[in-house]
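So you can see what is in the structure, the chains are spelled out below.
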Amino acid sequence: MINKAYISLLRPHQYIKNLFVFAPLFFSFRFLEAEPLLRTFTAFAAFCLIASSVYIFNDIKDINEDSRHPVKKFRPLPGGLVSIPEAYTCMAVLLIAGLGLGLVLDWRIFFILAGYSLLNTCYTLKLKHVAVLDVFIIGIGFVLRIFAGAVAATVQASMWIVLMTFLLALFLALAKRRDDVLLSDEGRDVRKCIDGYNLEFVNVSMIIMAAVTLVSYILYTISPEVQDRFESRHLYLSAVFVLLGIMRYLQIVFVQQGGGNPTRVMLEDRFMQITVACWLLFFLILTLT
């Protein structure tokens, strides 16, 4: 039971977010080269360690709030499976290990990881209670993953990848806030920043982010430099899978009243998994032909 509690405390299912570290490697076509691939895997591991330390710190500070949440009350800390001193010790070990791994890899990755940790500390202590700013900080966290992946793969982070990552992160973060708004409307005690949101605002913001993300992706696929890199004028066809994925997520959020946990959606929704797989396969076919 203790081992399972500690594993749950680390939130390993959230590591799927750190796959954004691989985006620069993938879009630069260096994923078949051993050294960049190994360095990117190392950066991914470092981010997983740091992310887990951030989650633990967040759980420590939110233990009282989480104990009143219908789902979060079952987490190890509010559930009493792990003590606060044990959680602090685990957090410190993970933070040191993650920063150490980043420093061994590249001093720039060390500072990106340190910045990510500091940003999320500020987020946990204060900024997550500031409406709108809270989702922007989540978006910045994803962009930092892109920068770390670019350094690890020794490539330049494309402005298009940075922009689309930020917009997509805002879209997903707003979906989580929508879930909190629904709980608040039911009279549940949720985070303070929800006072700055309502259902209409979140719905409109999500639709705007979805539209801008799709347009940015289309502009990316038809840009001359990208078409030259892929040696293809058919990359724009992959926008079909992006549109399909966005519409599926909107369906989950608006029709099924889900989407509060984007990670769970990606891990459990077969439709979304097949869509992402088809998108990746399309890119691979263009790359290898």
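It should be noted that the structure appears before, not after, this text.
Residues numbered from 1 in each chain as written. Predicted model: local features only at pLDDT ≥ 70, side-chain atom pairs only at ≥ 80, totals over all residues. Heavy atoms only, no water.

Colleague: Summarise the pattern of salt bridges; cite the residues concerned and give the values.
Modeller: Evaluation of the coordinates by the stated rule reveals 8 salt bridges. Ionic pairing is found between R11 and D59, a salt bridge with its closest N-O pair at 2.4 Å. Within this pair, whereas R11 is found in the loop between α1 (2-10) and α2 (23-27), its partner D59 is found in helix α3 (residues 34-61), the two being separated by 48 residues in sequence. D59 carries the same exposure label as R11, and that label is buried. Note that R108 is salt-bridged to D106, the shortest N-O span being 3.1 Å. A relative accessible area of 39% places R108 in the partly exposed class. We classify D106 as buried; its relative accessible area is 13%. Each of R39, D106 and R108 takes part in salt bridges that share partners, so that together they form one network. (Salt bridge = Lys/Arg side-chain N within 4 Å of Asp/Glu carboxyl O. Helix = DSSP H or I, 4+ residues; strand = E, 2+ residues; numbered from the N terminus. Buried < 20%, exposed > 50% of the residue type's maximum accessible area, 1.4 Å probe, protein only.)

Colleague: Let's hear about the nonpolar core: which residues, and what values?
Modeller: Within the largest apolar cluster, 51 residues are counted, with the highest numbers of intra-cluster contacts made by F27, M206, Y217, Y220 and F283. For this core, the element with the highest residue contribution is helix α8 (residues 159-185), accounting for 12 residues. Ignoring any residue separated from it by four or fewer positions in sequence, one finds M206 in contact with F171, L174, A175, R178, L250, V253 and F254. (Core = buried A, V, L, I, M, F, W, Y, C linked by side-chain atoms within 4.5 Å. Contact = heavy atoms within 4.5 Å.)

Colleague: A description of helix α9 (residues 199-222) should follow, citing residues and the corresponding values.
Modeller: For α9, with 24 residues, the first-to-last C-alpha span of 35 Å sits near the 34 Å given by 1.5 Å per residue. Buried residues of α9: V202, N203, S205, M206, M209, A210, T213, L214, S216, Y217, Y220 and T221, and no others. By the N-cap criterion, in which a side-chain oxygen at the helix start approaches the backbone nitrogen of a residue two or three places on, α9 is capped by N198, the distance to E200 being 3.2 Å. (Expected span 1.5 Å × (residues − 1). Polar contact = N/O pair within 3.5 Å; in protein donor to acceptor, adjacent residues only side chain to side chain.)

Colleague: Could you give an account of unusual backbone geometry, naming the residues involved and the relevant values?
Modeller: Unusually for a residue other than glycine, R11 sits at a positive phi of about 55 degrees. Within the chain, Q257 stands out as a residue other than glycine whose phi angle is a positive 55 degrees. In this fold, Q257 is placed in the loop between α11 (239-254) and α12 (262-268). Take Q257: its relative accessible area is 41%, and that puts it in the partly exposed class.

Colleague: Any details on the packing of aromatic side chains? Residues and values, ideally.
Modeller: In the structure shown here, the tally under the stated rule is 18 aromatic pairs. On the basis of an interplanar angle of 90 degrees and a centroid distance of 5.8 Å, the ring pair of F27 and Y220 is categorised as edge-to-face. Note that F27 is positioned in helix α2 and Y220 in helix α9, a separation of 193 residues in sequence. Exposure class is identical for F27 and Y220. Each is buried. Through pairs of rings, three or more aromatic residues link up here, namely F26, F27, Y217, Y220, W279 and F283. (Phe/Tyr/Trp six-rings, centres within 6.5 Å; stacked < 30°, edge-to-face > 60°.)

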